[in-house]
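Now for the letters of each chain:
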Amino acid sequence: MRDIKEYAGGTPAWCPGCGDFAILDAVKQALAEMDISPSRAVVVSGIGQAGKLPHYMRVNTLNTLHGRTLPTATAVTQVNPQLTVFAVGGDGDGYGEGGNHFLHALRRNPDMTYIVCDNRVFGLTKGQASPTSDVGTLGGLTPQGTVYPALNPLALAIMLEAGSVARGFSGAKEHLVNLIKDAVRTPGFSLIDVLQPCVSFNKVNTWQWYRERVYELEADYNPTDQQQALALARQWDEQIPIGVLYRSGRESSIAPENLVSAELRPNLEPLLDRYRV
Ligand SMILES: Cc1ncc(C[n+]2csc(CCOP(=O)(O)OP(=O)(O)O)c2C)c(N)n1
Ligand code: SF4
């Protein structure tokens, strides 16, 4: 166990009460408890309030364009498989601007942990409806409420057999630490969609709203049953399960040995060496 202070970066510029604080703490705590040194961890993000998370950590960090988190993080997994790779971002970044990359990361199943700070709005740009906003969500661009049905990213990830699919809650930090540790240990692409209250722009899905609904999956829950996992991914209005909903057991499909034949691989080494950290 390392000292969590080893991972401390700049002072967060989030609103007081934002759900992102607990997610930042949970990532640092999981790294400390897993004894992963700052030099072995990489956190990649795009743009947004959640996209600032790596700014507040002292590990290897990469801040990319809005929605481009996953291809960048995927490249890191290929160049240096020794690193523990995290991708972090908001629901807009991951499921909107980066929606295409999300689909293909699910297919390719690279070995990384993807944490989506899901406040169900675009936070940084002042609360517009995002892909996970419910029908009727009011915002500057939807004064009469958004008309599109919300995307269910967990169901999508379960259907495409991601390595593991979990839901966390910022208000259950210790539980989230365990989800992060489990995701890091699981081969392939591990999605953790974290319910993250945005106290400034989401006046519906508040801390209290979640506390009245969120419950932890039982210890004996079997995450290998895809149909059951889908049913839990769809539970929302009255009761919202948190925990590892699904585990496919699928290894990454883009391990270098799967992509490049043995004869060609040695020729790539000098090229890859230029990018190794
Ligand atoms: C390609 C592109 N489109 C739009 C923007 C403007 N923009 C910056 S942050 C942001 C919203 C971020 O929302 P989300 O990803 O949900 O993260 P949050 O701020 O809620 O954490 C948008 C639309 C941009 N920077 N680049
Ligand atoms: S606008 Fe919302 S998501 Fe952004 S820092 Fe404030 S509370 Fe957090």
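For every chain, the first residue of the written sequence is number 1, and numbering continues from 1 along that sequence. Written order decides the labels, with chains lettered from A and ligands numbered from 1. Two thresholds apply to this predicted model, a pLDDT of at least 70 for residue-level local features and 80 or more for giving and counting side-chain atom pairs, whereas whole-chain, interface and lining totals are computed over all residues. Side-chain figures throughout are based on the complete set of non-hydrogen atoms in the structure, without hydrogens or water.

Chemist: Go over the site of ligand 1, please, and point to the residues and values.
Modeler: By convention in this text, a residue qualifies as near a molecule or strand provided that one of its non-hydrogen atoms is within 4 Å of it. By nearness alone, 16 residues border ligand 1, and Gln49, Gly92, Asp93, Gly123 and Leu124 come closest of all. Nitrogen and oxygen atoms within 3.5 Å of one another constitute a polar contact, given that in protein one can donate a hydrogen and the other can accept it, and given that sequence-neighbouring residues count only through two side-chain atoms. One of the backbone N or O atoms of Gln49 is found 2.8 Å from an oxygen atom in ligand 1. All accessible areas in this document rest on Shrake-Rupley with a 1.4 Å probe, and a residue is counted as covered only by the protein chains that are shown. The fraction of the free accessible surface of ligand 1 (590 Å²) that becomes covered by protein chains is 72%. Strands are runs of DSSP state E lasting at least 2 residues, helices are runs of H or I lasting at least 4, and numbering of each runs from the N terminus. Counting residues per element, the ones that place at least two in the shell around ligand 1 are helix 3 (91–97) and strand 5 (121–122). Residue contributions to the shell around ligand 1 peak at four residues, all from helix 3. Residues were grouped as follows: Ala, Val, Leu, Ile, Met, Phe, Trp, Tyr, Cys and Pro as nonpolar; Asp, Glu, Lys and Arg as charged; and all remaining residues, including Gly, as polar. Residues of the shell around ligand 1, tallied by class, amount to five nonpolar, eight polar and three charged.

Chemist: Describe the pairing of strand 4 (residues 112–118), listing the residues and the values that go with them.
Modeler: Partly exposed residues are those whose accessible area sits between 20% and 50% of the maximum for their type, while under 20% is buried and over 50% is exposed, using a 1.4 Å probe and protein chains only. The element strand 4 is largely enclosed, with a buried count of seven among its seven residues. Every second residue of strand 4 is oriented toward a common face, with Met112, Tyr114, Val116 and Asp118 on one face and Thr113, Ile115 and Cys117 on the other, all of them buried. Pairing between strands is defined by DSSP: at least two bridges between them are needed. With five bridges joining them, strand 3 (residues 84–90) and strand 4 adopt parallel strand pairing. Counterpart to Phe86 in the pairing with strand 4 is Thr113. Both strand 4 and strand 8 (residues 189–195) contribute to a ladder of seven bridges, which runs parallel. Residue pairing for strand 8: Cys117 is matched across the bridge by Val194.

Chemist: Run through unusual backbone geometry, naming residues and quoting values.
Modeler: For Asp35, which is not glycine, the phi torsion reads 60 degrees and is therefore positive. With respect to the element layout, Asp35 can be found in the loop between helix 1 (20–33) and strand 1 (41–45). The partly exposed category is assigned to Asp35, whose relative accessible area is 45%. At Lys126, a position not held by glycine, the phi torsion is positive, near 80 degrees. By the element assignment, Lys126 lies in the loop between strand 5 and strand 6 (128–129). Lys126 sits in the exposed class, given a relative accessible area of 61%.

Chemist: Report on the side chain of Ser45, specifying residues and quantitative values.
Modeler: Mapped onto the elements of the fold, Ser45 is located in strand 1. Classification of Ser45 as buried rests on a relative accessible area of 0%. Among the polar contacts listed, one links the side chain of Ser45 to the backbone oxygen of Gly51, at a separation of 2.6 Å. In what follows, a contact means two residues having at least one pair of non-hydrogen atoms within 4.5 Å. Setting aside residues no more than four positions away along its own chain, Ser45 makes contact with Gly51, Pro54, Leu62, Asn63, Thr64, Thr69 and Val88.

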